[in-house]
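# Survey of secondary and tertiary structure
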Amino acid sequence: RVSTTCPRCRGEGKVISDPCGSCGGAGLSAVLREIAIDVPAGIESGQQMRLKGQGDHGEEGLPPGDLYVQVYVKEHKLFRREGRDVVFEMPVTFTQAALGSQIEVPTIWGKAEFKVPAGTQSGTAIRIKGEGMPGLDGRRRGDQVVVVHVETPRKLSARQKELLREFADTEDVKTNPENKGFFERIKDYFAGEE
């Protein structure tokens, strides 16, 4: 003798005499539906959200399961995220970097005044406190990191060239591409003399 579960009633002791076409007598049918969710501020790509009771319906009498939503944050045209910090690449002119300047920069919260200190070098990263992403815990926001890129002018007027040559003379720098000091050192290096 072998005891097995009844294939018709699946061990429930009752049979649906006229089962519906969509569930075939199982009592449940799959339905696709859309739900609105609140995405918390500061969530990062790859993080999951658990929505209680939004998953598949449980077996007879059991509550529904949970739905897990994986979040992917779309990249922004201006900003790059690094944890709570937001990175912004800012081009500045040679004179703005050399003399220093006050510039208005965009942030994810609006606009902020940003000070480029005199003598700023290309690639310098300067922080604007509190202008980054909030933490999921609701605590302090990160910073906006402004990476300064000094742009060299491509076209200069005759007057601008004259002024830059005068400036170069005050630095005791030769602007002639035949400057022997630098090129002699390179030549000596490749010849193995240094």
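Our subject is the structure that appears above.
Summary of the structure given here. What you are looking at is a predicted structure, and each value in this text was computed from that prediction instead of being measured. (Residues numbered from 1 in each chain as written. Predicted model: local features only at pLDDT ≥ 70, side-chain atom pairs only at ≥ 80, totals over all residues. Heavy atoms only, no water.)

### Remarks on the overall build of the chain
- Across its full length, the chain holds 3 helices and 8 strands.
- From first element to last, N terminus to C terminus, the chain shows the α and β order β-β-β-β-α-β-β-β-β-α-α.
- Burial analysis of the chain (194 residues in total) assigns 21% to the buried set.
- Accessible surface computed for the chain: about 15,500 Å², of which carbon and sulfur atoms make up 52%. (Helix = DSSP H or I, 4+ residues; strand = E, 2+ residues; numbered from the N terminus. Buried < 20%, exposed > 50% of the residue type's maximum accessible area, 1.4 Å probe, protein only. Areas by Shrake-Rupley, 256 points an atom, 1.4 Å probe, with all protein chains shown as cover.)

### What about the pattern of salt bridges?
- All chains considered together, the criterion is met by 9 salt bridges.
- The salt bridge partner of E44 is R81, with a shortest N-O separation of 3.9 Å. Here E44, found in the segment before strand 1 (48-51), pairs with R81, found in strand 3 (residues 79-82); they are 37 residues apart in sequence, far enough to count as distant.
- The class of R81 is partly exposed, set by a relative accessible area of 28%.
- Where R159 meets E162, a salt bridge forms, and the shortest distance between an N and an O atom there is 3.3 Å. Here E162 and R159 lie together in helix 2 (residues 158-171), a separation of 3 residues that amounts to about one turn.
- Residue classification places R159 among the partly exposed positions, given a relative accessible area of 47%.
- Given the relative accessible area of 40%, E162 is considered partly exposed.
- Taken together, the shared-partner salt bridges in this structure form one network comprising D85, R127, K129 and D143. (Salt bridge = Lys/Arg side-chain N within 4 Å of Asp/Glu carboxyl O.)

### Points about the packing of aromatic side chains
- All told, the structure shown has 1 aromatic pair when counted by the stated rule.
- Between the aromatic rings of F79 and F88, the centroid separation amounts to 5.7 Å while the plane-to-plane angle is 45°, which identifies the pairing as tilted.
- For F79, a relative accessible area of 12% translates into the label buried.
- Under the relative-accessibility criterion, F88 is labelled buried at 6%.
- In this structure, R141 is placed above the aromatic ring of W109, and the distance from its NZ or CZ to the ring centre is 4.1 Å. (Phe/Tyr/Trp six-rings, centres within 6.5 Å; stacked < 30°, edge-to-face > 60°. Lys NZ or Arg CZ within 6 Å of the ring centre and 35° of its normal.)

### With respect to the pairing of strand 5 (residues 101-107)
- Of the pairings in the sheet, the one linking strand 5 to strand 6 (residues 110-116) comprises 7 bridges and is antiparallel in character. Along strand 6, the bridge assignment pairs I103 with F114.
- Between strand 5 and the antiparallel strand that follows it, strand 6, lie 2 residues. (Pairing = 2+ DSSP bridges.)

### Examining the environment of G110
- Note that G110 resides in strand 6.
- Taking C-alpha positions, G110 is 9.1 Å from E131, a pair spaced 21 residues apart along the chain.

### Focus: a nonpolar patch on the surface
- Together, F94, L164 and F167 make up a nonpolar patch on the protein surface, roughly 260 Å² of accessible area in all.
- With respect to the helices, strands and loops of the structure, L164 is situated in helix 2. (Patch = residues over 30% accessible without salt bridge, like charges linked within 9 Å, V, L, I, M, F, W, Y side chains within 5 Å.)

### What to know about the environment of Y68
- By the element assignment, Y68 lies in strand 2 (residues 67-70).
- Classification of Y68 as partly exposed rests on a relative accessible area of 48%.
- Residues Y68 and G55, 13 residues apart in the sequence, show an inter-C-alpha distance of 8.1 Å.

Honestly, it's all geometry; don't read function into it.
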